[in-house]
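The chain contents come next:
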Amino acid sequence: QVQLVESGGGLVQAGGSLRLSCAASGRTFRTYGMGWFRQAPGKEREFVSVVRWSDSSIYYADSVKGRFTISRNSALNRVYLQMNSLKPEDTAVYYCAAASSYLAATMVSRKTTYDYWGQGTQVTVSS
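Residues numbered from 1 in each chain as written. Predicted model: local features only at pLDDT ≥ 70, side-chain atom pairs only at ≥ 80, totals over all residues. Heavy atoms only, no water.

In this structure, what is going on with the pairing of strand 4 (residues 33-39)? I would like to understand it.
Both faces of the sheet carry side chains from a regular strand, because those side chains alternate between them. Burial within strand 4 is extensive, with six of its seven residues counted as buried. Looking at chain direction, strand 4 and strand 5 (residues 46-52) are connected through six bridges and run antiparallel. Counterpart to Gly 35 in the pairing with strand 5 is Val 50. In this structure, the hairpin formed by strand 4 and strand 5 is closed by a connection of six residues, where Gly 42 is found at a positive phi of approximately 75°. Sheet topology places strand 4 next to strand 9 (residues 92-99); seven bridges connect them, and they run antiparallel. When the sheet's bridge partners are listed, Phe 37 is paired in strand 9 with Tyr 95. (Buried < 20%, exposed > 50% of the residue type's maximum accessible area, 1.4 Å probe, protein only. Helix = DSSP H or I, 4+ residues; strand = E, 2+ residues; numbered from the N terminus. Pairing = 2+ DSSP bridges.)

Would you mind showing me how to read the sheet that holds strand 1 (residues 2-7) here?
The pairing of strands in a sheet happens through backbone hydrogen bonds and is either parallel or antiparallel. Judged by pairing direction, the sheet is antiparallel, and its four strands sit side by side in the order 1-3-8-7 without closing on themselves. Each edge of the open sheet is held by one strand with a lone partner, namely strand 1 and strand 7 (68-73). Here the average twist between neighbouring strands, direction ignored, is 15°. (Axes fitted to C-alpha atoms, helices over the stretch in contact; angles between N-to-C directions.)

What is the right way to read the pattern of salt bridges from this model?
Should the charged atoms of two oppositely charged side chains come close, the side chains can pair. The tally for this structure, following the rule as stated, stands at five salt bridges. The partner of Arg 38 in a salt bridge is Asp 90, with the nearest N and O atoms 2.9 Å apart. In this pair, Arg 38 is assigned in strand 4 and Asp 90 in the loop between strand 8 (78-83) and strand 9, connecting sequence segments 52 residues apart. Each member of the pair Arg 38 and Asp 90 is classed as buried. Arg 67 is the partner of Asp 90 in a salt bridge, and the nearest nitrogen-oxygen pair spans 2.7 Å. (Salt bridge = Lys/Arg side-chain N within 4 Å of Asp/Glu carboxyl O.)

Looking at this structure, how should I read the environment of Trp 117?
Within the secondary structure, Trp 117 is located in strand 10 (residues 116-117). For Trp 117, a relative accessible area of 28% translates into the label partly exposed. Each C-alpha atom of the pair Trp 117 and Thr 69 lies 20 Å from the other, and the pair is 48 residues apart in sequence. Among residues more than four places away in sequence, those in contact with Trp 117 are Leu 4, Phe 37, Arg 45, Tyr 95, Cys 96, Ala 97 and Lys 111. (Contact = heavy atoms within 4.5 Å.)

Whenever I open this one, the packing of aromatic side chains confuses me. Can you help?
Two aromatic rings, taken as a pair, are described by how far apart their centres are and by the angle between their planes. The full count for this structure, using the stated rule, is four aromatic pairs. Measuring from ring centre to ring centre gives 5.1 Å for Phe 37 and Trp 117, while their planes differ by 65°; the resulting arrangement is edge-to-face. Of this pair, Phe 37 sits in strand 4 while Trp 117 sits in strand 10, and the two are 80 residues apart along the sequence. We classify Phe 37 as buried; its relative accessible area is 1%. A centroid spacing of 6.2 Å and a plane angle of 65° characterise the contact between Tyr 114 and Trp 117, whose relative ring orientation is edge-to-face. Put simply, the rings of Phe 37, Phe 47, Tyr 114 and Trp 117 pair up and form one aromatic cluster. The aromatic ring of Tyr 80 is capped on one face by Arg 19, whose charged end is 4.0 Å from the ring centroid. Above the ring of Trp 53, the side-chain terminus of Arg 72 is found at 3.7 Å from the ring centroid. (Phe/Tyr/Trp six-rings, centres within 6.5 Å; stacked < 30°, edge-to-face > 60°. Lys NZ or Arg CZ within 6 Å of the ring centre and 35° of its normal.)

What follows is the structure, given as structure tokens:
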């Protein structure tokens, strides 16, 4: 099993920045990548970004490209999401996710690709 714990959420004004952190523990050697999803009230959980361990490939949702940056500290088993130029529509609960099988490019945005999930951290962007 792999346990994921997110931190770093909060309230920020539009245009501001936040940095989310996800700490992984347990059988982390069984993972092939980690990333972030988000879920706004009344909406489906949607893909934000992911990094694949094998070649360090990174993927972003179109809605966050150029504003969000995902990074990894493999020694600490942590993944970060630097969020800049935040917009009210970025308001959501942000979830860390980890995959226990290879992350094909065509599969990275699907919730079913990921086997482990954190409890989520709230990000609220005020206008």
